Amino acid sequence: MKAVEKITSGATTAALNASLMGTGKTLMGVESAITLKAKTILIIGPLNTYWGWWDTIQRQTDYASSITKIDSTKSGKEAYANLLAGVDGWYFIGREYFRTQDWTKIVPDLVLVDECHFAQNRKSKSFKTLMTLKAGFKISMSGTPYGNTFDG
């Protein structure tokens, strides 16, 4: 895929995929992780996208069983602890729960921000929290990255 090659070319460690709906942003995110040989991947997105990510990771990789959801449940808190400890794998967190966690001690290889327009307001807690998260590589994805106004 030419888009994945361009995203992962090494010219920078961040990218914005503003492709239109239905063009395969999830697939490009997963293929970017594979191309970058990322070991710890954090996906931040709307909760209703979890299974779409799971399905795509299942199809494209041989280690989809390691995708875990970070949330307020016991297993979700264990997943967060594993990410904090640097355990390899795919991690998914809803954007609302993402805002409540401390990201200053976590450096995943790759962060995929699905529907990134949730953080387009630089004064919002979402934006400020996202800026505390360091990563080897970050890819933001949204067909409307600026939200519903051009100022975004």
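The notes below deal with the structure included here. (Residues numbered from 1 in each chain as written. Predicted model: local features only at pLDDT ≥ 70, side-chain atom pairs only at ≥ 80, totals over all residues. Heavy atoms only, no water.)

1. Section: the packing of helix 2 (residues 25-36) against helix 3 (residues 50-60)
Direction vectors running N to C along helix 2 and helix 3 enclose 45°, while the axes themselves pass 10 Å from each other. Overall, the two elements helix 2 and helix 3 adopt an arrangement that is oblique. For the element pair helix 2 and helix 3, the recorded crossing hand is right-handed. Here Thr 26, Leu 27, Val 30, Glu 31 and Ile 34 of helix 2 lie close against helix 3, whose contacting residues are Gly 52, Trp 53, Thr 56, Ile 57 and Gln 60. Here the contact of helix 2 with helix 3 is built from residues that sort into five nonpolar, four polar and one charged. (Axes fitted to C-alpha atoms, helices over the stretch in contact; angles between N-to-C directions. Helix = DSSP H or I, 4+ residues; strand = E, 2+ residues; numbered from the N terminus. Parallel < 35°, antiparallel > 145°, perpendicular 65-115°, else oblique. Left-handed = near helix turned anticlockwise from the far one by under 90°. Contact = heavy atoms within 4.5 Å. Nonpolar A, V, L, I, M, F, W, Y, C, P; charged D, E, K, R; others polar.)

2. With respect to unusual backbone geometry
For Lys 37, which is not a glycine, the phi torsion comes out positive at approximately 55°. Residue classification places Lys 37 among the exposed positions, given a relative accessible area of 65%. (Buried < 20%, exposed > 50% of the residue type's maximum accessible area, 1.4 Å probe, protein only.)

3. Points about the environment of Ile 34
Turning to its location among the elements, Ile 34 is positioned in helix 2. Using a relative accessible area of 32% as the deciding quantity, one classes Ile 34 as partly exposed. Between the alpha carbons of Ile 34 and Val 4 there is a distance of 10.0 Å; along the sequence they are 30 residues apart. Sequence-distant contacts of Ile 34, defined by excluding residues within four places in its chain, comprise Gln 60 and Thr 61.

4. Observations regarding the nonpolar core
Ile 41, Ile 43, Trp 53, Trp 90, Leu 110, Leu 112 and Ile 139 are the most contacted members of the largest nonpolar core, which totals 18 residues. Counting residues per element, the ones that place at least two in this core are helix 2, strand 2 (40-45), helix 3, strand 4 (89-94), strand 5 (110-114) and strand 6 (137-141). Those residues in contact with Ile 41 that lie beyond four places of it in its chain are Ala 33, Gly 89, Trp 90, Tyr 91, Leu 110 and Leu 112. One finds Ala 79, Val 111, Leu 130 and Leu 133 within the second-largest nonpolar core, a separate group that totals 16 residues. (Core = buried A, V, L, I, M, F, W, Y, C linked by side-chain atoms within 4.5 Å.)

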